[in-house]
Amino acid sequence: LDDERALLDKALAGDAAATRELVALLIPVVQARVARTLLRRRAGSGRDARQEVEDLAQDVFIALFADGGKVLRAWDVSRGLSLASFCGLIAEREAASILRSGRRSPWTEAATELDDLEKSLAEVPDVEVRVSSREQLVRLLDRLRESLSPRGLELFHRLVIEEESVEAVCASTGMTSDAVYAWKSRIGKVVRKLAVEMAASEPRVPKKAESVSDRGDSPRRSDEET
Amino acid sequence: MNDDDALDLDPLARIRDHVRAERADDAALEAVARGEVSSTSELVATLERRAGEDAEVAAMIAASRPLGPEVEAKIAAKIAAKVSGAAASTSTIEKPNPGRVIAFVRRNAMYVAPFAVAAAALLYVGSGRQGGPELPDYSIVASGEREMRGAGAPPSQGVLELRGGTEAGFEIVARPATRAATRVVAYAFAIGEGEPSPVDAKIDVAPEGAVKVHGRARALDGAREVRVVLGTAADFKRFEDALSHARDGKSDGHVRVLSVPIVRVAK
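Below: a short report on this structure.

Calculation notes
- Residues numbered from 1 in each chain as written.
- Chains lettered and ligands numbered in written order.
- Predicted model: local features only at pLDDT ≥ 70, side-chain atom pairs only at ≥ 80, totals over all residues.
- Heavy atoms only, no water.
- Helix = DSSP H or I, 4+ residues; strand = E, 2+ residues; numbered from the N terminus.
- Buried < 20%, exposed > 50% of the residue type's maximum accessible area, 1.4 Å probe, protein only.
- Contact = heavy atoms within 4.5 Å.
- Areas by Shrake-Rupley, 256 points an atom, 1.4 Å probe, with all protein chains shown as cover.
- Salt bridge = Lys/Arg side-chain N within 4 Å of Asp/Glu carboxyl O.
- Buried area = accessible area lost by both parts, 1.4 Å probe.
- Polar contact = N/O pair within 3.5 Å; in protein donor to acceptor, adjacent residues only side chain to side chain.
- Nonpolar A, V, L, I, M, F, W, Y, C, P; charged D, E, K, R; others polar.

Let's talk about the overall build of chain B
- A count of helices and strands for chain B gives 8 helices and 9 strands.
- For chain B, the proportion of its 267 residues judged to be buried stands at 45%.
- Within chain B, contacts between residues separated by at least 24 positions form 67% of all contacts whose residues are at least 6 apart in sequence.
- As displayed, chain B has an accessible area near 13,100 Å², and 54% of this comes from carbon and sulfur atoms.

Here's what the structure looks like:
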C-alpha cells in the first residue's frame, strides 16, 4: 500500500512511467465497473460496447486526474479502502453520471459538503418515502452518488453498502463516533430529500398500472419480472 | 429478493440491496479485465458458465476483456497532457521565471514568418527496417477554426494556422498514399520548450490508416509545432517509444513523424 501511495504521488507529479504503471494497475477495476454499469443500464443501445467502455474508461481516468488530481488526492489508505476499490467507486459514479446525463458531473467540494448538506437538509419533510420502481431506484442512487464528495462516497460505501459498524469506521478513519453517526444520518436524509424531490417531479402512477408500464419500458431480465 | 419485491423496505435498504446485487460479479469481471481465463480462474470459469444462459453476462464479459496496451498508452498520454497542462498553468500563475515566460508568450502572439515547409505535402519514403509491414507515405492537411468553418483560405497542407482564442478548434488530417497494410496507431505531441508533451486532443484512426487529430487551441499553448507520430502497436510497446520518435522527429519505414508547424495569426 505504501508502494501504491508512492506510485500515485509520482503520477500526480507528472512522472510518465508512474502514470503508465498506475493506469495498468487500475484499468481492470475501472474497465470492469464501467462495463457492468454500461451493460446493466444500456442493453441494446446499438453502439459498440467495447468502444463505449473504452471511452468511459478514459473519462474516468480524466476525472481522477482533473483539477490537479483532486479526486485521487482524496484517497487515503488509512481510511480503509484500497486504491483500486476507491477508484472502483469513482468509476461507478462517473460512468453512471455520464450515461444518465451525457456529461460528467462536478464533484462536491469536501470542504463545503457538510455545510451545504446541512443547509439543504434543513427543509426535508419528516415523511415516509417509497421508491416504487427499479428505474426510480437507479436514478435515486445516481443522484445520491453525484451529491457526495469522494469522502462522502467512501463513507456511503462503508456505512450503507458494507454495513460496517460505526466503531470500525471510527477506528480506521480516526473520525469521532459523533462525526460518523452524523454522516450516517446525513446520508439517510439526503436519500429522503432526493426521493421526495423525485416523487414531486414525477407523475404518480397507481402501483398496478406502474408494474404494467415497467414491463414495457424496463430492460430488466425476464426473471426479475414478478 | 429483487428490487421490485422490496417496495416496503426503506429507500436506503433498497439501495444497499440493489448495489450489492449489482456488484455480485465485479470480482469476476475484474479478473476478466486482468486477462485471466477460465482455465486458471474459477471466478472466470463460473461467470462464463452463466454466460451460456444469460446474454447480459456474456456481453459484460466481452466488454471486460482487456483493452490492451494501446489503449493504456493512450489513456496515460491523455493524463500526462492533463497533468503537464495543469503544471504549465500553475507555473504561469506563480511566475517562477517571469522573464522567460513573458518572452515565450510574446513570441506566440507574434505573426510568425512563413515556414519553409509551408504548403508542402509531407511525404516520407520508407527506409526499410526488418520485419512487419511498412507504413505508406502520408500527406497532411491542417485546419484552424476559420478553415474548418469554410470561412477562410483553404486548409494549409503543411502549417496549422491558429486564430482566435484558446477555445478555437483545430484539425490535422494525415492521409496515407495507399491503404495501410496494418492497423495504425497514432500519437500527437506538442513541441515547445523542453520535452514533447502529448496533445490533449481527440485522435481518430480510420481503418485504411488515415488519422485525424482534432481539439481546441488551448491544447497547443506554448507549442510551436505538432508532431504526429504514426506506427503500429508493435512499434509502440511503451509510451516512451512514441515519445522518443517525437523527440527525434525522424521517420523510418515503420514509424512516420509528421511535423506540422504552428503559426499564430493575430486577428
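A word on the pattern of salt bridges
All names here are of chain B.
- For the structure shown, the criterion picks out 31 salt bridges over all chains.
- Here Glu70 and Arg183 are joined by a salt bridge, their closest N and O atoms 3.5 Å apart. Residue Glu70 is found in helix α5 (residues 69-94), and its partner Arg183 is found in the loop between β3 (169-176) and β4 (185-191); the two are separated by 113 residues along the sequence.
- You can call Glu70 partly exposed: its relative accessible area is 25%.
- A salt bridge links Asp204 to Lys202, with the nearest nitrogen and oxygen atoms 3.8 Å apart.

Some words on the interface of chain B and chain A
- Between chain B and chain A, the contact holds 43 residues from the first and 59 residues from the second.
- Across the chain B/chain A interface, buried area totals approximately 4,900 Å², and carbon plus sulfur atoms make up 61% of it.
- Ionic pairing is found between Arg40(A) and Glu56(B), a salt bridge with its closest N-O pair at 2.3 Å.
- The tally of links from chain B across to chain A stands at 18 residue pairs in polar contact (both at pLDDT 80 or more).
- Among the elements of the structure, α1 (11-22), α2 (26-33), α4 (55-64), α5 and α8 (239-248) of chain B are those that each provide at least two residues to the side of chain B that touches chain A.
- Along the lines of polarity and charge, the residues of the side of chain B that touches chain A split into 19 nonpolar, 3 polar and 21 charged.

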